[in-house]
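Report on the structure
Take a look at the letters that make up each chain.
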Amino acid sequence: MKLLKQFAIILIISFIGEVLKYVIPLPIPASIYGLLILFVSLLTGLIQIEQVREAGKFLIEIMPVMFIPAAVGLLESWGVLRPVFVPVIVITLVSTVVVMAATGRMAQLIMRIENKKKVDTDYE
């Protein structure tokens, strides 16, 4: 019963995201609205992490299964994708490397700032 309640909370937030997508004329997917609502709700304490923790863990565990329909869709579209396959692979590889490098650099920057703050507070 606890898991059903947690799923219900997530589904209600997702539904609110869907409603916002139709109300607000911006090209933002409903899932992004839902994620932002859940994030703000968790930050403000409107929703406690314990109220959605197990359902969230379950959804993360089954995430690979959720990609199967997308992969099948790609296989069915092979005729359309075949002419642009090499450019798509190159773009995917380059963008993946760029995102990984940018994320690593940002993590290093944040760690340096945190270490500097820690050193500064140690001397006070």
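These remarks concern the structure in this document. (Residues numbered from 1 in each chain as written. Predicted model: local features only at pLDDT ≥ 70, side-chain atom pairs only at ≥ 80, totals over all residues. Heavy atoms only, no water.)

Observations regarding the overall build of the protein
- A count of helical and extended segments in the protein gives seven helices and zero strands.
- Beginning at the N terminus, the succession of helices and strands in the protein can be written as α-α-α-α-α-α-α.
- Here the C-alpha atoms of the protein give a radius of gyration of 21 Å, more than 25% beyond the 14 Å that 2.2 N^0.38 yields for 124 residues.
- The C-alpha extent of the protein, read off along each of the three principal axes, is 65 × 40 × 35 Å. (Helix = DSSP H or I, 4+ residues; strand = E, 2+ residues; numbered from the N terminus. Rg over C-alpha atoms; globule rule 2.2 N^0.38 Å.)

A look at the pattern of salt bridges
- Using the criterion set out here, one finds two salt bridges in the structure.
- Between Lys2 and Glu54 there is a salt bridge whose closest N-O contact spans 3.6 Å. Of this pair, Lys2 sits in helix α1 (residues 2-23) while Glu54 sits in helix α3 (residues 53-61), and the two are 52 residues apart along the sequence.
- Residue Lys2 is classed as exposed on the basis of its relative accessible area, which comes to 53%.
- Of the residues examined, Glu54 reaches a relative accessible area of 34% and is grouped as partly exposed.
- As a salt-bridge pair, Arg53 and Glu50 come within 3.9 Å of each other at their nearest N and O atoms.
- Using a relative accessible area of 36% as the deciding quantity, one classes Arg53 as partly exposed. (Salt bridge = Lys/Arg side-chain N within 4 Å of Asp/Glu carboxyl O. Buried < 20%, exposed > 50% of the residue type's maximum accessible area, 1.4 Å probe, protein only.)

Remarks on the layout of surface pockets
- Approximately 270 Å³ is the volume attributed to the largest pocket.
- In this structure, the largest pocket is lined by 14 residues; those nearest its centre are Ile10, Ser14, Gly34, Leu35 and Leu38.
- The biggest single contributor to the lining of the largest pocket is helix α2 (residues 30-44), with six residues.
- Residue classes in the lining of the largest pocket are distributed as nine nonpolar, four polar and one charged. (1 Å grid on protein atoms, 1.4 Å probe; cavity = no way out; pocket = protein on both sides within 12 Å on 5 of 7 lines; lining within 4 Å. Points joined across faces, edges and corners; volume = space filled by probe spheres on them. Nonpolar A, V, L, I, M, F, W, Y, C, P; charged D, E, K, R; others polar.)

Here's the deal with the packing of α1 against α3
- Where α1 meets α3, the closest approach of the two axes is 8 Å, and the angle between their N-to-C directions is 80°. One way to sum up the angle between α1 and α3 is to call them roughly perpendicular. The segment α1 lies against α3, with Lys2, Leu3, Gln6, Phe7 and Ile10 engaging Arg53, Glu54, Ala55, Gly56, Phe58 and Leu59.
- In terms of residue class, the contact of α1 with α3 is made up of six nonpolar, two polar and three charged. (Axes fitted to C-alpha atoms, helices over the stretch in contact; angles between N-to-C directions. Parallel < 35°, antiparallel > 145°, perpendicular 65-115°, else oblique. Contact = heavy atoms within 4.5 Å.)

Digging into the nonpolar core
- Counting seven residues, the largest nonpolar core is built from Phe7, Ile9, Ile10, Ile13, Ile47, Val52 and Ala55.
- Looking at this core, the element that brings in the most residues is α1, giving four residues. (Core = buried A, V, L, I, M, F, W, Y, C linked by side-chain atoms within 4.5 Å.)

Here we look at the packing of α1 against α2
- Relative to each other, α1 and α2 sit at 125°, their axes nearing to 7 Å. With respect to their mutual orientation, α1 and α2 come out oblique. Note on packing geometry: the crossing formed by α1 with α2 is right-handed. For the pair α1 and α2, the contacting residues are Ile13, Ile16, Gly17, Glu18, Leu20 and Lys21 in the first and Ala30, Tyr33, Gly34, Ile37 and Leu38 in the second. (Left-handed = near helix turned anticlockwise from the far one by under 90°.)

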